[in-house]
Amino acid sequence: MADRGYQISRYLYATSNINLPNFFQKSKMSSVWSTHANWMGYVAVSTDDSEIARLGRRDILIAWRGTVTYLEWICDLKDILRRADFGTDPTVKIESGFYDLYTKKERGCKYCSFSAREQVLAEVKRLLEYYDGEEISITVTGHSLGAALALISAYDIAEVGLNEVVCDGKGDKSSKIPVTVFSFAGPRVGNLKFKERCDELGVKVLRIVNVHDVVPTVPGIITNEKFQFQKYIEEAMSFPWSYAHVGVELALDHTESPFLKPNKDPGSAHNLEALLHLVDGYHSKGRGFRLATRRDIALVNKNCDLLRREYGVPPNWRQDENKGMVRNSDGRWVLPERPRLEGHPPDMAEHLKKVLRNINDDNGSSNGKQQLGPA
């Protein structure tokens, strides 16, 4: 991240649960990881003066990873809606598996004694206090499952009012820090009320999708934002499987790239590196495909087989067991001993208390919201 002008301020962890059984792999490195925890992303902040000047503000970045395969989405996604609980409107609902992943914690696990939600809110609160008085933006991004978490966390930040700024010294919150989501191959997350609430809160979302990818079409295959009578069915009939996408869609087609095979393999269509390749080459409708940043096309084949054979890049060349290899003093490539990672910073609970006070000040009480604090 250093060469992009950002510095990582903390890592994010989540705990697996029965609602999403195959979305995680249990750790094989018990000396480094808890068997209950999964590394899910990070929070970073722009620290380079030239990058801050380019953006016109200091940016807080939240990035969520996603390792979900195409088949796992089909087998494991539980498209049951439940109340979001982050605001006061009981009709705002999100998919229950995503909710659990974002809010669950594991007693006795030092990485997940705080939920992913608590980790995010506490760190954003800390950074906003540290850079108080500066022009700030909050950017959230993720791929696949990470895209769902990105949208939920962006909504959460706006719903609890963390992005509201006191401007006149009297406690009146008269301006808002912009919250923006860049979603890659993301599924639908919540119902129509959830979409409407995100719009009301000013959360801006750009959804980058491959038109041949099935994941952005689920859940809500029957009732979604394309259905004319969705609002009636959701409100009058309380239909429990009504979902709606949030934001603006940028639909790309991998068959339009001269570097990629024209096949319609669903796994390749869901691939993040393929999407990044398409974003690099897309300029507008009707204009030719041309790579703008010289992003290496070999990255496309990291974990799929989508590059045309004439480019000579082997398929699926990245192997998990070789990740992190380094060259030692003898010139050999080896897997190094890895230090045990730290859990949560000691001031986590302090910043969470401030978030909770912020929520209670806005609403008069917690109103049954998800309890914030250690397990």
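Going by what an unreviewed UniProt entry lists, the protein is known as Fungal lipase-type domain-containing protein and is assigned to Cannabis sativa. Turning to the protein, the UniProt record has this under Sequence similarities (unreviewed entry): "Belongs to the AB hydrolase superfamily. Lipase family."

A. Focus on the overall build of the protein. The secondary structure content of the protein amounts to 10 helices and 13 strands. Within the protein, buried positions represent 46% of all 375 residues. Taking all contacts inside the protein whose residues are at least 6 apart in sequence as the whole, residues at least 24 apart take part in 70%.

B. Main features of helix α6 (residues 192–201). Looking at α6, one finds that the buried residues are Leu192, Phe194, Cys198 and Leu201. Phi for Gly202, located one or two positions after α6, is positive at around 85 degrees.

C. Representation of the pairing of strand β10 (residues 204–210) in the model. Burial within β10 is extensive, with 5 of its 7 residues counted as buried. Relative to β10, strand β9 (residues 179–184) is paired through 5 bridges, and the arrangement is parallel. The partner of Phe182 across the bridge, within β10, is Leu206. Looking at chain direction, β10 and strand β11 (residues 248–252) are connected through 5 bridges and run parallel. Across the sheet, residue Arg207 finds its bridge partner in β11, namely Glu249. After leaving β10, the chain enters helix α7 (residues 230–236) and then returns to the sheet as β11, a path that is right-handed.

D. The packing of helix α5 (residues 145–159) against α6, seen in detail. Interhelical geometry of α5 versus α6 gives an angle of 55 degrees and a closest axis separation of 10 Å. With respect to each other, α5 and α6 are oriented oblique. Remark: the crossing between α5 and α6 carries left-handed chirality. On the side of α5, the interface is formed by Leu151, Tyr155, Ala158 and Glu159, while α6 contributes Phe194, Arg197, Cys198 and Leu201.

E. Region of the structure containing the packing of aromatic side chains. Inspection of every chain in the model, using the stated rule, returns 11 aromatic pairs. Both rings, one in Phe86 and one in Tyr102, keep their centres 5.8 Å apart while their planes meet at 65 degrees; by these two values the pair is edge-to-face. With Phe86 in the loop between β4 (81–83) and β5 (93–95) and Tyr102 in helix α3 (residues 96–103), this pair connects stretches of sequence that are 16 residues apart. Residue class for Phe86 comes out buried when judged on its relative accessible area of 0%. Residues Tyr155 and Phe194 carry aromatic rings whose centres are separated by 5.1 Å and whose planes lie at 70 degrees to one another, so their mutual orientation is edge-to-face. With a gap of 39 residues between them, Tyr155 in helix α5 and Phe194 in helix α6 connect regions that are remote in the sequence. Each of the two residues, Tyr155 as well as Phe194, counts as buried. It is Arg82 that lies over the ring of Tyr99; its NZ or CZ is 3.7 Å from the centre.

F. Summary view of the environment of His254. Note on placement: His254 falls in the loop between β11 and α8 (266–269). Taking the C-alpha atoms as reference points, His254 and Ala274, separated by 20 residues in sequence, lie 7.4 Å from one another. Once you skip the residues sitting within four places of it in the chain, His254 turns out to touch Asn210, His212, Leu260, Lys261, Asn263, Ala269, Leu278 and Leu306. Within the local environment of His254, its side chain forms a polar contact with the backbone oxygen of Asn263, the two atoms lying 2.6 Å apart.

G. Seen up close, the layout of surface pockets. Here the second largest pocket is characterised by a volume of approximately 470 Å³. What lines the second largest pocket is a set of 20 residues, and nearest its centre among them are Asp132, Glu164, Val165, Val166 and Ile177. If you list the elements that add at least two residues to the lining of the second largest pocket, you get α4 (116–130), β7 (164–166) and β8 (173–176). Residue composition of the lining of the second largest pocket, by class: 8 nonpolar, 4 polar and 8 charged.

H. How the structure looks around empty space enclosed by the protein. On inspection of all chains with the given rule, the structure shows 2 cavities of 30 Å³ or more. Estimates place the volume of the largest cavity at around 80 Å³. Lining the largest cavity we find 13 residues, and of these Leu151, Ser183, Pro187, Val189 and Arg207 sit closest to its centre. Looking at the lining of the largest cavity, its residues break down into 8 nonpolar, 3 polar and 2 charged.

I. Broad picture of the sheet that holds β10. Spatially, the 7 strands line up as an open sheet ordered β1-β2-β3-β6-β9-β10-β11, and their pairing is mixed. In this open sheet, the two edge strands, each paired with only one partner strand, are β1 (6–15) and β11. Strand-to-strand twist of the sheet, defined as the mean angle between neighbouring strand axes without regard to direction, takes the value 15 degrees. Inspection of the sheet shows strand β6 (residues 136–143) paired to β9 by 6 bridges, in the parallel sense. Bridge pairing links His143 to Phe184 in β9. Its contacts with the sheet put α5 on β2 (37–46), β3 (58–64), β6, β9 and β10, and the angle it makes with β6 is roughly 155 degrees.

Calculation rules
Residues numbered from 1 in each chain as written. Predicted model: local features only at pLDDT ≥ 70, side-chain atom pairs only at ≥ 80, totals over all residues. Heavy atoms only, no water. UniProt positions renumbered as here; feature names shortened; annotations may be inferred. Helix = DSSP H or I, 4+ residues; strand = E, 2+ residues; numbered from the N terminus. Buried < 20%, exposed > 50% of the residue type's maximum accessible area, 1.4 Å probe, protein only. Contact = heavy atoms within 4.5 Å. Pairing = 2+ DSSP bridges. Right-handed = clockwise from strand over helix to strand, strands pointing away. Axes fitted to C-alpha atoms, helices over the stretch in contact; angles between N-to-C directions. Parallel < 35°, antiparallel > 145°, perpendicular 65-115°, else oblique. Left-handed = near helix turned anticlockwise from the far one by under 90°. Phe/Tyr/Trp six-rings, centres within 6.5 Å; stacked < 30°, edge-to-face > 60°. Lys NZ or Arg CZ within 6 Å of the ring centre and 35° of its normal. Polar contact = N/O pair within 3.5 Å; in protein donor to acceptor, adjacent residues only side chain to side chain. 1 Å grid on protein atoms, 1.4 Å probe; cavity = no way out; pocket = protein on both sides within 12 Å on 5 of 7 lines; lining within 4 Å. Points joined across faces, edges and corners; volume = space filled by probe spheres on them. Nonpolar A, V, L, I, M, F, W, Y, C, P; charged D, E, K, R; others polar.

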